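Coordinates in review
Next come the chains, spelled out residue by residue.
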Amino acid sequence: MTHTEIEVTAELVRDLLRDQHPDLADYPVSLGARGWDNQIWRLGDDLAVRLPWATESADALLRKEHTWLPALAPSLPLPVPVPQRLGEPSARFPRPWIVTTWVPGEPADRAPVTRGAEAATTLAAFLTALHQPAPEEVDTAGRGRGGPLAGSSEWVAKQLASATELGLIPDPDAVRALWEDAAAAPDWAGPALWLHGDLHPANVLTADGTICGVIDFGDLFAGDPAVDLAAAWILLPDGTADRFHAAYQPAPEAATLRRARGWAVIRALVGLHVGDAGVHGRPGGKATWGPPAHAALRRLIATAHR
């Protein structure tokens with residue numbers, strides 16, 4: 001199914017609630033956002049309805065959140081969208097959907113962090129709490145983010161070449177050197193830790209210049225903490241990554257930081273292409289993704305030259 005095959009409206013959301021969770025059906029319904037996998041509809045003041053709309057994988061991602069996030073959320077020091085109800089496929093809507101708590105704030109791609117020191121400490125505390133050993137039955141694939149970093153080298157080479165051709169990267173040699181160093185770092189040898197897996201600016205919320213919430217745990221999986229530690233360069237202002245790494249516990253090893261830079265390169269390359277597509281009106285584009293990606297590459301190159 002793709003988003004062209006069914007139209008999600010406030011009326012549909014109300015009908016689904018009326019059929020399966022009638023005690024929630026009279027709350028006001030308004031569109032919150034349309035993401036890659038799901039649409040989010042605000043339900044009253046404190047709840048949200050998330051429905052898959054654009055990818056086949058969204059069904060499994062929602063069920064994964066419904067299974068694991070209620071147990072994880074109480075130990076996390078930031079608000080997250082905690083699943084409250086599960087909606088099953090029906091004649092009205094042939095896919096699962098969930099009701100979660102609503103997390104207030106603005107996505108960081110629209111309202112970037114400005115209070116860097118506070119945000120660095122906040123993000124470090126959040127990831128310290130999240131990065132605990134996961135049960136053995138938890139997914140370790142992570143939609144391509146769970147394996148050794150070197151396995152992404154061909155993809156990175158193609159994306160780097162494409163971004164360079166588009167004029168999006170002024171110093172491709174510096175980015176290539178960053179990637180090669182990261183890909184050569186020793187693999188993670190520790191336990192498979194809980195990971196958010198998708199910490200880009202659109203999935204982190206801000207208020208008053210600092211981080212106030214984390215959303216979209218559909219990519220939740222277990223593996224190398226470097227995947228999430230890349231967020232220091234993607235989310236935080238210049239000069240604050242060191243503060244973040246100092247506050248995160250246990251202190252990351254040098255090899256972990258090298259791999260984290262590699263994951264940050266991957267995240268930045270995605271952001272550059274999505275941002276450029278948004279600027280030029282191409283499908284799937286989001287113009288707000290470009291500036292954070294450019295800033296992240298600048299920070300990464302600066303750290304490599306220290």
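Before reading on, note that the structure itself is shown above.
1. Thoughts on the overall build of the chain
Across its full length, the chain carries ten helices and ten strands. Here the C-alpha atoms of the chain give a radius of gyration of 19 Å, agreeing with the 19 Å that 2.2 N^0.38 yields for 306 residues. By its C-alpha atoms, the chain is 60 × 40 × 35 Å across when sized along the principal axes. Within the chain, buried positions represent 53% of all 306 residues. Look at the contacts in the chain between residues 6 or more apart in sequence, and 70% of them connect residues 24 or more apart. About 13400 Å² of surface is accessible on the chain, with carbon and sulfur atoms providing 55% of the total. In the chain, which carries 26 positive and 37 negative side-chain charges, the distance between the mean positions of the two groups comes to 3 Å.

2. Notes on the sheet that holds strand E2 (residues 38-43)
Strand order in the open sheet formed by five strands is E1-E2-E3-E5-E4, and the pairing between neighbours is antiparallel. Each edge of the open sheet is held by one strand with a lone partner, namely strand E1 (29-34) and strand E4 (83-87). Averaged over all adjacent pairs, the angle separating strand axes in this sheet is 25 degrees, with direction ignored. Examined bridge by bridge, E2 and strand E3 (residues 47-52) share six bridges and lie antiparallel to one another. Each bridged residue has a counterpart across the sheet, and for Leu43 the counterpart in E3 is Leu47. Where helix H2 (residues 58-72) meets the sheet, it contacts E2, E3, E4 and strand E5 (97-101), and its direction lies at approximately 140 degrees from that of E4.

3. Observations regarding the environment of Thr303
Within the fold, Thr303 resides in helix H10 (residues 290-304). Since its relative accessible area comes to 18%, Thr303 is described here as buried. The sequence separation of Thr303 and Gly239 amounts to 64 residues, and the corresponding C-alpha distance is 9.4 Å.

4. Some remarks on the sheet that holds strand E6 (residues 106-107)
Read across the sheet, three strands follow the order E6-E8-E9 without closing on themselves; strand pairing throughout is antiparallel. In this open sheet, the two strands that pair with only one neighbour each are E6 and strand E9 (210-214). Here four bridges tie strand E8 (residues 204-207) to E9, and the two strands are oriented antiparallel to one another. The residue of E9 that forms the bridge with Val204 is Val214.

5. Regarding the packing of helix H4 (residues 153-165) against helix H9 (residues 254-279)
Between H4 and H9, the shortest axis-to-axis distance is 10 Å and the interhelical angle comes to 40 degrees. By the angle between their directions, the pair H4 and H9 is classed as oblique. The handedness of the crossing between H4 and H9 is left-handed. Contacts between H4 and H9 involve Trp155, Val156, Gln159, Leu160, Ser162 and Ala163 from the first element and Ile266, Leu269, Val270, Leu272 and His273 from the second. Partitioning the contact of H4 with H9 into residue classes produces eight nonpolar, three polar and no charged.

6. Description of the environment of Pro191
Secondary-structure assignment places Pro191 in the loop between helix H5 (172-183) and strand E7 (193-195). Sequence spacing of Pro191 and Ala124 is 67 residues, and the spatial spacing of their C-alpha atoms is 19 Å. Residue contacts for Pro191: discarding those within four places in its chain leaves Pro133 and Gly223.

The rules we used
- Residues numbered from 1 in each chain as written.
- Predicted model: local features only at pLDDT ≥ 70, side-chain atom pairs only at ≥ 80, totals over all residues.
- Heavy atoms only, no water.
- Helix = DSSP H or I, 4+ residues; strand = E, 2+ residues; numbered from the N terminus.
- Rg over C-alpha atoms; globule rule 2.2 N^0.38 Å.
- Buried < 20%, exposed > 50% of the residue type's maximum accessible area, 1.4 Å probe, protein only.
- Contact = heavy atoms within 4.5 Å.
- Areas by Shrake-Rupley, 256 points an atom, 1.4 Å probe, with all protein chains shown as cover.
- Lys, Arg positive; Asp, Glu negative; His and termini not counted.
- Charge placed at Lys NZ, Arg CZ, Asp CG, Glu CD.
- Pairing = 2+ DSSP bridges.
- Axes fitted to C-alpha atoms, helices over the stretch in contact; angles between N-to-C directions.
- Parallel < 35°, antiparallel > 145°, perpendicular 65-115°, else oblique.
- Left-handed = near helix turned anticlockwise from the far one by under 90°.
- Nonpolar A, V, L, I, M, F, W, Y, C, P; charged D, E, K, R; others polar.

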